Amino acid sequence: MRVERRAFLSAAGMVGAALCLPQRSDAAAKPDKALEEAVTVIAAVQRHMFPKGGRLPDAETMRMTRFLTETVSHPTYDRDIRVFVIEGAKELMLREKGKLLGYDRDAMEKALRRYETTDYGSNWLSRIMILSLEAMLGDPVYGSNVGEAGWRAVHSFGGQPRPKTRYIQL
Amino acid sequence: MKDVEFDAVVIGSGASGGAVAYTLCKAGYKVAVLEKGRLIRREAFSKDEIAYCRRDIVTPNLFEEYHVIEERVDGKWEATPSYESGWSFWNGNIVGGSSNFMSGMFHRMHPDDFRLKSKYGPIEGANVVDWPISYGDLEPYYAKVETLVGISGRFQAHPFEPPRSTPDFPQPPTKENAVVKLLDKSCQALGITPLVTPRGVLSQDKGHRNACYYSNFCGSYGCSSGAKSSARESLLIPALATGNLTLMSNTHVKQLHSDSKTHVSHAVAVDTVTGKERTIRARLFVVAAQAHESARLLLNSANRFHPDGLANSSGEVGKNLIFSGGGSGQGELHEDSLREISFKELMQTGYFVNRSILDWYFIDDWWEGKFKGGSVEFMFEHQNIISRAVKSRYGKERLLWGDALADRLTERFTKQKTVRFEIFNDWLPNDNCFVSLDPTHKDRYGMPVGRLRIEGHPQDVKVGSYIAKKCEKVLEKMGAKHIYSSVSATPPQNLVAGGCRFGNDPKTSVLDKQCRAHDVDNLYVADASFMPTGGSVAYTWTIYANALRVADHIVEVLKKGEV
Ligand SMILES: Cc1cc2nc3c(=O)[nH]c(=O)nc-3n(C[C@H](O)[C@H](O)[C@H](O)COP(=O)(O)OP(=O)(O)OC[C@H]3O[C@@H](n4cnc5c(N)ncnc54)[C@H](O)[C@@H]3O)c2cc1C
Ligand code: SF4
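The structure displayed is predicted, hence computed values, not measured ones. (Residues numbered from 1 in each chain as written. Chains lettered and ligands numbered in written order. Predicted model: local features only at pLDDT ≥ 70, side-chain atom pairs only at ≥ 80, totals over all residues. Heavy atoms only, no water.)

Enquirer: I would appreciate a short explanation of the overall build of chain A in the present structure.
Expert: Secondary structure summary: chain A contains seven helices and zero strands in total. Secondary structure elements in chain A, listed N-terminal to C-terminal, are α-α-α-α-α-α-α. Counting across all 170 residues of chain A, residues that qualify as buried make up 56%. Within chain A, contacts between residues separated by at least 24 positions form 65% of all contacts whose residues are at least 6 apart in sequence. (Helix = DSSP H or I, 4+ residues; strand = E, 2+ residues; numbered from the N terminus. Buried < 20%, exposed > 50% of the residue type's maximum accessible area, 1.4 Å probe, protein only. Contact = heavy atoms within 4.5 Å.)

Enquirer: Please explain the interface of chain B and chain A as it appears in this structure.
Expert: In this assembly, 69 residues from chain B lie in contact with 62 residues from chain A. Roughly 5700 Å² of surface becomes buried between chain B and chain A when both sides are summed, with 61% attributable to carbon and sulfur atoms. The largest share of the area that chain B buries against chain A comes from Arg55(B), Phe63(B) and Trp401(B), three residues that together contribute 14% of it. Between the two partners, chain B and chain A, sit four salt bridges. Seen at the junction of chain B and chain A, the total is 13 residue pairs in polar contact (both at pLDDT 80 or more). Only helix H2 (49-53), helix H3 (82-85), helix H10 (385-391), helix H11 (402-414) and strand S16 (416-426) of chain B provide two or more residues apiece to the side of chain B that touches chain A. By residue number, the principal contributor to the side of chain B that touches chain A is H11(B), which donates eight residues. Of the residues contributing to the side of chain B that touches chain A, the split by class is 33 nonpolar, 21 polar and 15 charged. (Buried area = accessible area lost by both parts, 1.4 Å probe. Salt bridge = Lys/Arg side-chain N within 4 Å of Asp/Glu carboxyl O. Polar contact = N/O pair within 3.5 Å; in protein donor to acceptor, adjacent residues only side chain to side chain. Nonpolar A, V, L, I, M, F, W, Y, C, P; charged D, E, K, R; others polar.)

Enquirer: How do you make sense of the site of ligand 1 when you look at a structure like this?
Expert: In the region of ligand 1, 37 residues are neighbours, and Ser16(B), Glu35(B), Asn93(B), Ser98(B) and Thr540(B) sit closest. Ligand 1 sits at a junction of chains, with neighbouring residues supplied by chains A and B. Between an oxygen atom of ligand 1 and a main-chain N or O atom of Ile94(B), the distance comes to 3.3 Å. For ligand 1, whose free accessible area comes to 1000 Å², the fraction covered by protein is 98%. (Near = heavy atom within 4 Å. Areas by Shrake-Rupley, 256 points an atom, 1.4 Å probe, with all protein chains shown as cover.)

Enquirer: What is the right way to look at the site of ligand 2 in this model?
Expert: Inspection of the region around ligand 2 gives Lys47(B), Val201(B), Cys212(B), Tyr213(B), Ser215(B), Phe217(B), Cys218(B), Cys223(B), Ser225(B), Ala227(B), Lys228(B) and Phe352(B) as its neighbouring residues. Looking at the shell around ligand 2, its residues break down into eight nonpolar, two polar and two charged.

Enquirer: Explain the sheet that holds strand S4 (residues 76-81) of chain B to me, please; I cannot follow it from the model alone.
Expert: Across a sheet, strands are paired by hydrogen bonds formed along the backbone, either parallel or antiparallel in direction. Residues and elements named next belong to chain B. Spatially, four strands are ordered S4-S3-S18-S17 in an open sheet, and the strand pairing comes out mixed. Since the sheet does not close on itself, it has two edges, and those belong to S4 and strand S17 (434-442), each with one partner. Strand-to-strand twist in this sheet, taken as the mean axis angle between neighbours without regard to direction, amounts to 35 degrees. For S17 and strand S18 (residues 448-453), the ladder comprises five bridges, and the chain directions are antiparallel. Across the sheet, Leu-437 pairs through a bridge with Gly-450, a residue of S18. Packing of helix H8 (residues 291-299) onto the sheet brings it into contact with S17 and S18, and relative to S17 it is tilted by some 60 degrees. (Pairing = 2+ DSSP bridges. Axes fitted to C-alpha atoms, helices over the stretch in contact; angles between N-to-C directions.)

Enquirer: Would you mind showing me how to read the packing of aromatic side chains here?
Expert: Any two aromatic rings considered together are summarised by their centre-to-centre distance and by the angle between their planes. Residue and element names in this part refer to chain B. Under the definition given, this model contains 31 aromatic pairs over all chains. Taking the centre distance of 6.2 Å and the plane angle of 50 degrees together, the rings of Phe-169 and Trp-541 count as tilted. Of this pair, Phe-169 sits in the loop between helix H5 (135-150) and helix H6 (179-189) while Trp-541 sits in helix H13 (residues 540-560); the two residues are 372 residues apart in sequence, bridging distant segments of the chain. According to the relative accessible area criterion, Phe-169 is buried, its value standing at 12%. Residue classification places Trp-541 among the buried residues on the basis of a relative accessible area of 2%. On the basis of an interplanar angle of 80 degrees and a centroid distance of 5.9 Å, the ring pair of Phe-217 and Tyr-221 is categorised as edge-to-face. The burial state of Phe-217 is the same as that of Tyr-221; both residues are buried. A cation sits over an aromatic face here: Arg-453 above Trp-77, 4.0 Å from the ring centre. (Phe/Tyr/Trp six-rings, centres within 6.5 Å; stacked < 30°, edge-to-face > 60°. Lys NZ or Arg CZ within 6 Å of the ring centre and 35° of its normal.)

Enquirer: How should I be thinking about the sheet that holds S16(B) in this particular structure?
Expert: All names here are of chain B. One open sheet holds the six strands; their spatial order is S5-S12-S15-S16-S11-S19, and the pairing between them is antiparallel. In the strand order of this sheet, the two ends are held by strand S5 (194-196) and strand S19 (481-487), each with one partner. Along the sheet, successive strands turn relative to each other by an average axial angle of 25 degrees, direction set aside. Across the sheet, H6 lies against S5, strand S11 (324-334), strand S12 (355-357) and strand S15 (374-380), angled at about 20 degrees from S12, the strand it touches most.

Enquirer: Would you mind showing me how to read the environment of Asp552(B) here?
Expert: All names here are of chain B. Within the secondary structure, Asp-552 sits in helix H13. Asp-552 gets classed as partly exposed once you look at its relative accessible area, which sits at 26%. Along the sequence, Asp-552 and Ala-27 sit 525 residues apart, while their C-alpha atoms lie 9.3 Å from each other. In contact with Asp-552, other than residues within four places in its own chain, are Thr-23, Tyr-141 and Lys-144. Here Tyr-141 takes part through its side chain, which lies 2.7 Å from a polar atom of the side chain of Asp-552.

Enquirer: Teacher, can you tell me more about the domain arrangement of chain B here?
Expert: Many authors give the size of an interface as the accessible area that is lost as the parts come together. All names here are of chain B. Under the domain assignment used here, chain B contains domain 1 (1-152 + 222-323 + 496-563) and domain 2 (159-197 + 324-426 + 457-490). Here the C-alpha centre of domain 2 lies 30 Å away from the C-alpha centre of domain 1. The partner domain 2 presents 39 residues to the 35 residues of domain 1 that form the contact. Summed over both sides, the interface of domain 1 with domain 2 buries roughly 2700 Å², with 59% coming from carbon and sulfur. Across the domain 1-domain 2 interface, the total number found is two salt bridges. Notably, a salt bridge pairs Glu-146 with Arg-164, separated by 2.8 Å at the nearest N-O pair. (Domains from an automatic or database assignment.)

Enquirer: Just to check I follow, could you spell out the side chain of Asp7(B) for this structure?
Expert: Residue and element names in this part refer to chain B. As for its placement among the helices and strands, Asp-7 is situated in strand S1 (residues 5-11). In terms of polar contacts, Asp-7 uses its side chain to reach the backbone amide nitrogen of Lys-30, at 2.7 Å. Within the structure, Asp-7 has its side chain in polar contact with the side chain of Arg-283 (distance 3.1 Å). Those residues in contact with Asp-7, other than ones at most four positions away along the chain, are Tyr-29, Lys-30, Ala-282, Arg-283, Leu-284 and Leu-558.

Enquirer: What should I look at first to understand the nonpolar core in this one?
Expert: For soluble globular proteins, nonpolar side chains are generally found buried alongside one another. All names here are of chain B. Judged by nonpolar contacts, the single largest core of 107 residues is most densely connected at Leu-24, Leu-256, Leu-523 and Tyr-544. By residue number, the principal contributor to this core is H13, which donates 12 residues. If you count residues domain by domain, this core takes at least three from each of domain 1 (1-152 + 222-323 + 496-563) and domain 2 (159-197 + 324-426 + 457-490). Dropping the residues within four chain positions of it, Tyr-544 is found in contact with Ala-15, Ala-19, Ser-99, Met-102, Phe-106, Val-145, Val-149, Ser-229, Ser-230, Ala-231, Ser-234 and Leu-235. (Core = buried A, V, L, I, M, F, W, Y, C linked by side-chain atoms within 4.5 Å.)

Enquirer: Got a minute to help me understand unusual backbone geometry in this structure?
Expert: The phi torsion of most residues other than glycine is negative, and most of the peptide bonds are trans. Of note, the bond from Gln160(A) into Pro161(A) is cis; its omega dihedral lies within 30 degrees of zero at -5 degrees. Relative to the assigned elements, Pro161(A) resides in the segment after helix H7 (149-154). The backbone of Asn145(A) shows a phi angle near 45 degrees, a positive value even though the residue is not glycine. Tracing the sequence through the fold places Asn145(A) in the loop between helix H6 (119-137) and H7. A positive phi is found at Ser220(B), a non-glycine position, where the angle reads about 80 degrees. Position of Ser220(B) relative to the elements: it lies in the loop between S5 and helix H7 (231-241). Assessed through its relative accessible area of 4%, Ser220(B) is described here as buried.

In structure tokens:
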């Protein structure tokens, strides 16, 4: 699968302690209805991955879902991955016959682990996790990592100087 | 600006373009540097991991500008556009080019790298040739780069350390993490000589540039103190101060126009913001767009005088593209088994590991025989926070979340630190590594994109694997856990050279030994394209040095009114 190939190649990457392999992007992406519909599912998944009362900052306090929607709607974001984020949420809802949002923690855990047994589901969950980690550990200028709680949780802090604008004022 | 004729037009503002522009401007010539990327000033550089390391912001959008990469899959060549694979061959496209983002580990090539064929003989399947110049020709320029661009370090005699004309580096080494005590001791116990890494990073203030403040985020990031020896800081700013430089950012050159067999009259450039096209005239033209893109520009400049591409009567433009062979490896130093230094010292952020090994540059092994080897750099794993967390997201078989993820991240971020090594050995030039024009795919300006066929030579992997085993032993001796290495024929896209070989014979090379096109009197290629073989170190010190050498020659040509 292309998304996976991209991830694999990123790991093969550059030398010189460089991690910066840019991902492909799309100049035209805008928030849309499809994304709005997927958002409730994604928010529920993020809440499960980063629950309140856990040892990591929780999804809601960290505004992870808002970060995700703003990120995948930005022109610099890969349009294939954006579509994948939306479609994967729909697929999960379908597989759970529309009941996902009513699940308690145990049922949600089982549903997500079931989804993970498929290649598609596993890639999708991995993508949601990556976007959530970006939210938790990116610079607070992006509206998440509130009060640097993400950085404090891993005892690692972004370097100086910190950005004053998102995406170098793009 | 209308129809100004410059003494020289330089295409690309990176390491090579910056060196040429600097020299010409200092000599009093009017120079235009045409750079397709935008200008980001020092004050605007930040340590924004999302912007610099996770999106296309300092490189082109892959939908608009991309390459097609051809790899051999199950015996067949398979071509994939990079917008599909995400495997980007852009390395930094702003004023100053990729040099803004380099890690700055610098080495000179060894004198024998200039005469690889005579020294080691031919290798089957590899197009190895001697260079038309010797180390002695380049040495004064290697020395000049140290003082002009700024390299910190400490000279230590070593059998494979190239000779130098000055006793030592102009600045002492950058500060080092205490881990070097453990690394040095481990190397010495194994009979290996660790050397201080020369670095394109200032350890002391220099003119308008401030010393490194050890930001902990160096490679892939622009430097906000000016300490990193990028072309923007070290060459373009002083060149601008002469008043002779016209720096045109957001200016993409799509073609060079020749009006006879031996003369280029103007560059055809597009303003990347307005889309307007214009012509820019000069007495001579210097292509410095980074190796694969320089070859593409020449091929895209074909016309009736140059039907196979500008300066391509040899058919060699784009051929023998090289990268850096080798690979990398790593091991984890854990709090519970650390020796020699305290865990607190290990976890101190910002300071460099600063160690290189040249012991295997030329190998004479009782079992494997004698062959050309490579160099090694030791460093910490990149300290990017998101990417380290992303790498830790899996448990044994499945994704971690909730407290299981918290435990994994705590372990990863607070109980250990990963030490890496990177191996640099020759990427042997061969017939299956070249850049040509793609027959169907076009960029946003309507020009064919570069099609890069990429295949390494089996010897490259053999050499890399030999060295990786030695490095793993060093990590073992250091007490590292979870040691592994990966050596393959996958190219590091940030270390690219070749494609317009220099040589004495116009039938087998594109450029003469001054990097002037054999076919065209007023055309030079100043980036790493000229390199017929790449040596076993990262390229940039050699790129800077050679571009300064070429620039001195251009000054003479302009002085004599030869163009
Ligand atoms: C993350 C990273 C880490 C690195 N670490 C090291 C290291 O530790 N040691 C080392 O030796 N090297 C390192 N390098 C490599 C080093 O940066 C390059 O070798 C060097 O910058 C190449 O110089 P150049 O002049 O050929 O190209 P560049 O510096 O890339 O400059 C080329 C410029 O040309 C412009 N351009 C291209 N096409 C056109 C066109 N058609 N019109 C107008 N402009 C154009 C580009 O936008 C670019 O700005 C690293 C690179 C990266 C990205
Ligand atoms: S301050 Fe030092 S470590 Fe930071 S980017 Fe500049 S040169 Fe690199």
